[in-house]
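Here is how the chains run, residue by residue.
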Amino acid sequence: MNCALRVIPHLSQRANRMAVWTTRDGILTFAELGRMMASAQALAHDDGLKAGDTALILDTPGPRLYAGILGMMGLGVAVVFVEPWLPVADIERVIARVAPKVFYGSLLARVWGARLREMRRIPRWRSIRCIGKREPTSPFIAADVDAESPGVITFTSGTTGTPKGIVRSHRYLAVTQDILTQGGAREQFDAPDLCIFPNLTLLHVGTGRGAVLVSTDWSAKALQRITELPVVLQPQSLSCGPAFLRRLSTLAAGAPMMRSLKSINVGGAQTDCAIMERGMELWPDADWTHVYGGTEVEPVTFGDARESVKRSRERGYFQLLHLGRPIPQLRTENSAQGMWVSGPNVAPMYLDDHPDNKTMKRVDAEDRLWHCTGDRIECDADGWWYGGRASQPRQEFELEQRVYAHFRSSASFVRRSAGDGQLTLFGERLPTGAAAVAFQRSFPAILELREARIVRDRRHRARIDRRSTLKKAGYLDA
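Below: a short report on this structure. (Residues numbered from 1 in each chain as written. Predicted model: local features only at pLDDT ≥ 70, side-chain atom pairs only at ≥ 80, totals over all residues. Heavy atoms only, no water.)

### Details of the side chain of Gln319
Quick note on the threshold: For the purposes of this entry, the term helix denotes a DSSP run of H or I that reaches at least four residues, the term strand denotes a run of E that reaches at least two, and both are numbered from the N terminus. Note on classification: 1.4 Å probe, protein chains only; a residue is buried when its accessible area is under 20% of the maximum for its type, exposed when over 50%, partly exposed between these limits. Polar contacts, as counted here, are pairs of nitrogen or oxygen atoms within 3.5 Å of one another; within protein the pair requires one atom able to donate a hydrogen and one able to accept it, and residues that are adjacent in sequence qualify only if both atoms are side-chain atoms. Contact criterion: two residues are considered in contact whenever any of their non-hydrogen atoms come within 4.5 Å of each other.
Position of Gln319 relative to the elements: it lies in the loop between helix H13 (305–314) and strand E15 (322–326). Note on Gln319: relative accessible area 4%, which makes it buried. A distance of 2.5 Å separates polar atoms of two side chains, one belonging to Gln319 and the other to Gln270. If we skip the residues at most four places from it in the chain, Gln319 touches Gln270, Thr271, Asp272, Cys273, Ser312, Gln401, Tyr404 and Ser410.

Here is the structure:
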């Protein structure tokens, strides 16, 4: 057992096919990827790493990052993957817990890491540029490891709480890949996937499809360069969140692009129906899938996005709240705390004895691990419906949906004062003067309107980070 085994056949069978493409590095073939993975393993041997050890890798998504992750995993070395925007304290707790022996990072990453006490304690630091420069001493190998041994250690986004470390075992990574490729959300196209999610790039390399990676700024220039790729390298599927879909649709409306897309998979955050509808106008012949899940369970449901938009609109929702149905591999149990799920793609307990292990995880009498999504889910004959976070009163969530429909924008949220219990609406471009008075007549439950720039999560750029929004606007004590 080794999740990296899945890449090996493609290194020879698809040697000259594209594994990864980025605007910075261009095309990297599977043969070149194999050599870089072998280079990473030679470097790991130089640094004394062996199966069971841990290494930390920090770089922008690209060939070196994925060659490093796969190379280390092939040796049975667990990889800690850190996104630098995560809160320092949460990163340090996990690093202290897993004690990496080597830190591979870009120059910028190493400057950033020098600020963290626990990172400074890592015995050896290396430039990630050494991956690819170090001549391999043997071909890439995938050693036999225990199925439950750590493959990758990642973090939750922290949108609904503090970021938590998650150990993804080799078995977990393999099962998740199987579910995502066989569960109906993405057909087995021969052409690469246009991907904004770093973890899905590993999936597409493992299936032999490869991935076209979008630059982090989602610039028009970078997206235009993708359209200039040879026809055989044009992506036929897209994996993204609603924010990227909106960006791509805006550009495509002005100058037709990405006409090769045949399957579009959207998830990661609540999606405005209008964003989906605009995309469906631009790519009318594509299959559209709405994916619901989270960092701890990928995925939970697949839904036909056209049907989900239709059903959501029929009920007057501004956002796509119809989720489809859960994947067959999951057991589910609804509760006031939120929907509980159990199955092979449920991530294990959080690292560092995190308090959420006691509230969001449990093991039943049959030794099955359960995870609480924390989401209010309603189930009926039409499937699952998202009803907001279980910690938010249902009437407040419904109120927000009515406000979104009124403004034709989801750039706002309500917050109840801890003192008098009155509701305040925080958001962008809120009405003032007579318009504000008219609005409050229509929404008498909302006592006050306060202008605030909505802060979105750094990972998906779509979820509202309520705490950060209030903090930046100076309203935390409101």
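### Overview of a positive patch on the surface
Let me state the cut-off plainly: Patch membership is restricted to residues that have no salt bridge and whose relative accessible area is over 30%. Joining uses 9 Å for like charges and 5 Å for the nonpolar side chains Val, Leu, Ile, Met, Phe, Trp and Tyr. In short, Shrake-Rupley with a 1.4 Å probe defines the accessible areas, and a residue's cover is counted only from the protein chains shown. Salt bridge, as applied in this entry: a Lys or Arg side-chain nitrogen positioned within 4 Å of an Asp or Glu carboxyl oxygen. By the counting scheme adopted, Arg and Lys are positive, Glu and Asp are negative, and His together with the chain ends is not counted. Charge placement uses NZ in Lys and CZ in Arg. For Asp and Glu, CG and CD serve respectively.
Positive charge collects at one region of the surface, where Arg453, Arg467, Lys471 and Lys472 lie side by side. Within the secondary structure layout, Lys472 lies in helix H17 (residues 466–473).

### Thoughts on the environment of Leu213
The residue Leu213 is located in strand E10 (residues 211–213) in this model. When sequence neighbours within four positions are dropped, the list of residues in contact with Leu213 reads Val20, Trp21, Thr22, Pro61, Gly62, Tyr66, Cys195 and Thr201.

### A few points about the pairing of strand E11 (residues 237–240)
Worth spelling out the cut-off: A pair of strands is considered paired only if DSSP assigns at least 2 bridges between the two. Viewed with both strands pointing away, a crossover whose connecting path from the first strand over the helix to the second turns clockwise is right-handed.
Across the two faces of E11 the burial is the same, with Ser237 and Ser239 and Leu238 and Cys240 all buried. Bridge analysis of strand E9 (residues 193–195) against E11 gives three bridges, and the strand direction is parallel. Bridge pairing in E11 places Leu194 opposite Leu238. With four bridges connecting them, E11 and strand E12 (residues 263–267) associate as parallel partners. Bridging from a neighbouring strand, Ser239 pairs with Asn265 of E12. On the question of chirality, the crossover connecting E11 to the parallel E12 by way of helix H11 (residues 242–254) is right-handed.

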